[in-house]
Amino acid sequence: MLFVSFPAGTSPGTWRYAITPILTVLSRCADEVAHGQELPVWQTTELRHRLTDLEIRRGRRVSLHVVEMTEVHDPTRALLTRKFSRPYSATLPIELVACYLSQPPPRHAGWREEISVFIAGHLGESRFRRVWLFDNFTRSVPLVYPPPDPMTPPR
């Protein structure tokens, strides 16, 4: 089993970028590191700036578990509220693109409808004509409100 510690402030969304360097280092020094021993990450170029600790413990089977020791909540409403309240000036229509960078968007049923209702209630008071939510994890756009009219050519 591996126990990995990240530097304070490392967002859960960036943890996945440590997997390949960890596996590279482990495959390179597997014979040198005994079970139940810490691997000196500060001496390893690939891990020096990504981890604070890496410990290897003997287990009965090989498995990979990721445990987030952080409270996970959807910050979308708070982010949009801040964006809606800021003054913007432009001569052309403005569209807002909000990105999920440190965690993916919610997966629970009805989240798109909930956030669409929230956006609809605030869009008229803002300078934006449309809101796009971009998911950096899947490189997709899970929500556009209001949806673009496929019959209207873009300006």
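Residues numbered from 1 in each chain as written. Predicted model: local features only at pLDDT ≥ 70, side-chain atom pairs only at ≥ 80, totals over all residues. Heavy atoms only, no water.

A.B. asks: Residues and numbers for the overall build of the protein, please.
C.D. replies: Along the backbone of the protein there are four helices and six strands. Looking at the protein as a whole, 27% of its 155 residues are labelled buried. Nonlocal contacts in the protein, meaning residues at least 24 apart in sequence, comprise 62% of its contacts between residues at least 6 apart. When the accessible surface of the protein is summed, it comes to about 11,100 Å², and 57% of that surface belongs to carbon and sulfur atoms. (Helix = DSSP H or I, 4+ residues; strand = E, 2+ residues; numbered from the N terminus. Buried < 20%, exposed > 50% of the residue type's maximum accessible area, 1.4 Å probe, protein only. Contact = heavy atoms within 4.5 Å. Areas by Shrake-Rupley, 256 points an atom, 1.4 Å probe, with all protein chains shown as cover.)

A.B. asks: How would you explain the pattern of salt bridges if you had to name every residue and give the values?
C.D. replies: Evaluation of the coordinates by the stated rule reveals two salt bridges. The closest approach of N and O atoms between Glu95 and Arg129, which form a salt bridge, is 2.6 Å. In this pair, Glu95 sits in strand S4 (residues 94-100) while Arg129 sits in strand S5 (residues 128-135), placing the two residues 34 residues apart along the sequence. The network of salt bridges with shared partners includes Glu95, Arg129 and Arg130. (Salt bridge = Lys/Arg side-chain N within 4 Å of Asp/Glu carboxyl O.)

A.B. asks: So what about helix H4 (residues 111-123)? Which residues, and what values?
C.D. replies: Compared with an ideal rise of 1.5 Å per residue, which puts 13 residues at 18 Å, H4 spans 18 Å between its outermost C-alpha atoms and is within 8% of the ideal. Of the positions making up H4, those classed as buried are Trp111, Ile115, Ser116, Phe118, Ile119 and Leu123. One side of H4 holds all its buried residues, which, seen down the axis, span an arc of 165°. In H4, the exposed positions angled more than 90 degrees off the buried face are occupied by Glu113 and Val117. (Expected span 1.5 Å × (residues − 1). Arc of directions from axis to C-beta.)

A.B. asks: Pulling in residues and values, what's your account of helix H3 (residues 76-85)?
C.D. replies: Every buried residue of H3 is listed here: Thr76, Leu80 and Phe84. Buried residues of H3, seen end-on, are gathered within an arc of 60° and therefore sit on one face of the element. Tucked into the core, H3 has its buried residues touching S4, H4 and S5.

A.B. asks: Requested: an account of the sheet that holds strand S6 (residues 140-145), with residues and values cited.
C.D. replies: The three strands lie next to each other as S4-S5-S6, forming an open sheet whose pairing is mixed. Strand pairing shows two members of the sheet lacking a second neighbour, S4 and S6, which therefore form its edges. The mean inter-strand angle of the sheet, taken between neighbouring strand axes irrespective of direction, is 20°. On top of the sheet, H4 reaches S4, S5 and S6; it is set at about 45° to S6, its chief contact. (Pairing = 2+ DSSP bridges. Axes fitted to C-alpha atoms, helices over the stretch in contact; angles between N-to-C directions.)

A.B. asks: Describe the environment of Pro106, listing the residues and the values that go with them.
C.D. replies: Among the structural elements, Pro106 can be located in the loop between S4 and H4. In the structure, Pro106 is positioned 32 residues away from Asp74 in sequence and 6.7 Å away in space, judged by C-alpha atoms. Not counting chain neighbours up to four residues away, the residues in contact with Pro106 comprise Asp74, Tyr100 and Trp111.

A.B. asks: Mind laying out the side chain of Arg130, listing which residues take part and the relevant values?
C.D. replies: Residue position: Arg130 is located in strand S5. Residue Arg130 is classed as buried on the basis of its relative accessible area of 15%. A polar contact is formed between the side chain of Arg130 and the backbone oxygen of Pro146, at a distance of 2.7 Å. Leaving out residues up to four positions away in the same chain, Arg130 has contacts with Ile94, Glu95, Leu96, Leu123, Val144, Tyr145, Pro146, Pro147 and Pro148. (Polar contact = N/O pair within 3.5 Å; in protein donor to acceptor, adjacent residues only side chain to side chain.)

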